[in-house]
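Residue-level listing of the chains:
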Amino acid sequence: MAAVGKTEEALKKAGVAYKAGKFPFTANSRARCNADMDGFVKILADAATDRVLGCHIIGPEAGDIIQEVVVAMELSASAEDIARICHGHPGLSEAVKEAALGVAGRAIHI
């Protein structure tokens, strides 16, 4: 498990309008090949600016793949910025891209 930034509960409590994109590892090809499909990636982004406010990962290699989102948040990136980055296939990090696409309702593999 790995997390960075705000949780949904904190955003709700603060009255921040946000969108969430969530992608399950059951739909990720590398996780399926490794028979390690439990969990998901969830990205939270500001509803108006799309700036990434938080990310929560439960699943394989969570502590490694969250680093992409840590860097994105440090650079004030949007979910769309993450979604446009090319991710190697097959890879667990593709779940991050899919969750970022999911913020705008555009996840490809679910």
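In this text the structure is predicted, and so the values were computed from the model without any measurement. Counting starts from 1 at the beginning of each chain's written sequence and moves along it residue by residue. A pLDDT threshold of at least 70 governs which residues receive local features in this predicted model, and a stricter bar of 80 or more applies before side-chain atom pairs are shown or counted, although totals over entire chains, interfaces and linings include all residues. Derived side-chain values reflect all non-hydrogen atoms in the structure, with water molecules and hydrogen atoms excluded from consideration.

Caption draft 1: How the structure looks around the side chain of Glu-8. Among the structural elements, Glu-8 can be located in helix H1 (residues 8-14). Residue class for Glu-8 comes out buried when judged on its relative accessible area of 19%. Note on contacts: a residue pair qualifies if any of its non-hydrogen atoms lie within 4.5 Å across the two residues. Dropping the residues within four chain positions of it, Glu-8 is found in contact with Tyr-18, Ala-20, Lys-42 and Leu-44. Going along the chain from the N terminus, every DSSP run of H or I of four or more residues is numbered as a helix, and every run of E of two or more is numbered as a strand. Only protein chains enter the accessibility calculation, which uses a 1.4 Å probe; a residue is then buried when its area is under 20% of its type maximum, exposed when over 50%, and partly exposed in between.

Caption draft 2: Representation of helix H6 (residues 94-103) within the structure. Among the 10 residues that make up H6, 10 are buried, leaving the element largely enclosed by the rest of the structure. Within H6, burial applies to Glu-94, Ala-95, Val-96, Lys-97, Glu-98, Ala-99, Ala-100, Leu-101, Gly-102 and Val-103. Note on H6: the residue one or two positions beyond its end, Gly-105, has a positive phi of about 70°.

Caption draft 3: Region of the structure containing the packing of aromatic side chains. Ring pairs shown here join Phe, Tyr and Trp side chains whose ring centres sit within 6.5 Å, with only the six-membered ring taken for Trp; geometry is labelled stacked below 30 degrees between planes, edge-to-face above 60, and tilted in between. Counted according to the given criterion, the structure contains zero aromatic pairs. Distance and angle both matter: a charge sits over a ring if NZ of Lys or CZ of Arg is within 6 Å of the ring centre and within 35 degrees of the ring normal. Here the guanidinium or amino end of Lys-22 rests over the ring plane of Phe-40, the centre of that ring lying 4.1 Å away.

Caption draft 4: Highlighting the side chain of His-87. Position of His-87 among the secondary structure elements: in the loop between helix H5 (79-84) and H6. Two N or O atoms form a polar contact when they lie within 3.5 Å of each other; inside protein one atom must be a possible hydrogen donor and the other a possible acceptor, and for residues adjacent in sequence the pair counts only when both atoms belong to side chains. A distance of 2.6 Å separates the side chain of His-87 from the side chain of Glu-68, its partner in a polar contact. What His-87 contacts, discounting residues up to four positions off in sequence, is Glu-68, Ile-82, Ser-93, Glu-94 and Lys-97.

Caption draft 5: Inspection of the pairing of strand E4 (residues 52-58) at higher detail. E4 sits mainly inside the fold: six of its seven residues count as buried. A strand pair is defined by DSSP finding two or more bridges across the two strands. Both strand E1 (residues 2-5) and E4 contribute to a ladder of four bridges, which runs antiparallel. Looking across to E4, one finds that Val-4 is bridged to Cys-55. Summarising the sheet, strand E3 (residues 40-46) and E4 pair through six bridges and their orientation is antiparallel. Note that in E4 the partner of Leu-44 across the bridge is Gly-54. Once E3 ends, the chain turns through five residues before running back antiparallel as E4, passing Asp-50 with a positive phi of about 70°.

These figures capture arrangement, not role.
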